[in-house]
Amino acid sequence: MTVMKNGAILNDGESKPLSARDFAELGGRKLVYVRAIAARDVLDDLLDDDGELSIEVEADDILYSVHSSSGERLALVGDRDLAFAAARQHEMNPVSVH
């Protein structure tokens, strides 16, 4: 069993980094991660079928990406508080990732 103690991950008494599976299971299905992301990094995902931006956003704008515990991006939101509110509205528990 993996246990968090003093910031370390312990498995059978030995410190080790979280595996992708451990990270995905941390917090279960209701835990989602919110992180800031530069719009320029996701501009391709904001294009409609005609290749036009589907929302008004500048490349330097900061968006907030909501991810499942497996790392799948669930949403892009223009405001951090809104990202947290939307997650809670869908009965999920949001946490910040830096």
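Note: the structure precedes this text.
Residues numbered from 1 in each chain as written. Predicted model: local features only at pLDDT ≥ 70, side-chain atom pairs only at ≥ 80, totals over all residues. Heavy atoms only, no water.

K.L.:
Looking at this structure, how should I read the overall build of the protein?
P.N.:
Each helix and strand in the protein was counted, giving two helices and seven strands. Going from the N terminus to the C terminus, the protein shows its helices and strands as β-β-β-α-β-β-β-α-β. Residues classed as buried in the protein amount to 24% of the 98 residues present. Look at the contacts in the protein between residues 6 or more apart in sequence, and 46% of them connect residues 24 or more apart. (Helix = DSSP H or I, 4+ residues; strand = E, 2+ residues; numbered from the N terminus. Buried < 20%, exposed > 50% of the residue type's maximum accessible area, 1.4 Å probe, protein only. Contact = heavy atoms within 4.5 Å.)

K.L.:
Explain the pattern of salt bridges here, please?
P.N.:
Where charged atoms from two side chains of opposite charge approach closely, those side chains can pair. All told, the structure shown has one salt bridge when counted by the stated rule. Between Arg40 and Asp60 there is a salt bridge; the shortest N-O distance is 2.7 Å. Taken together, the positions of Arg40 in the loop between strand E4 (31-38) and strand E5 (62-67) and Asp60 in the loop between E4 and E5 put the pair 20 residues apart, joining distant regions of the chain. (Salt bridge = Lys/Arg side-chain N within 4 Å of Asp/Glu carboxyl O.)

K.L.:
Is there a simple way to explain helix H2 (residues 80-89) in this structure?
P.N.:
An α-helix turns once every 3.6 residues. As a result, residues three or four positions apart point the same way. Regarding H2, the residues found buried are Ala83, Phe84 and Ala87. Along the axis of H2, the buried positions cluster into a sector of 95°, meaning they face one direction only. Away from the buried face of H2 by more than 90 degrees, exposed residues Asp81 and Gln89 are located. Structurally, the start of H2 carries an N-cap: the backbone nitrogen of Asp81 is 3.0 Å from a side-chain oxygen of Asp79. Backbone geometry just downstream of H2 places Glu91 in the positive-phi region, at approximately 60°. (Arc of directions from axis to C-beta. Polar contact = N/O pair within 3.5 Å; in protein donor to acceptor, adjacent residues only side chain to side chain.)

K.L.:
Any chance you could explain the sheet that holds strand E6 (residues 73-77) here in plain terms?
P.N.:
Pairing between sheet strands relies on hydrogen bonds along the backbone, with the strands arranged either parallel or antiparallel. Strand order across the open sheet formed by four strands is E6-E5-E4-E7, with mixed pairing between neighbours. A strand with exactly one partner marks an edge of an open sheet, and here the two such strands are E6 and strand E7 (93-96). Strand-to-strand, the axes of this sheet are offset by a mean angle of 30°, without reference to chain direction. Relative to E6, E5 is paired through four bridges, and the arrangement is antiparallel. Bridging from a neighbouring strand, Tyr64 pairs with Val77 of E6. Its contacts with the sheet put H2 on E4, E5, E6 and E7, and the angle it makes with E7 is roughly 150°. (Pairing = 2+ DSSP bridges. Axes fitted to C-alpha atoms, helices over the stretch in contact; angles between N-to-C directions.)

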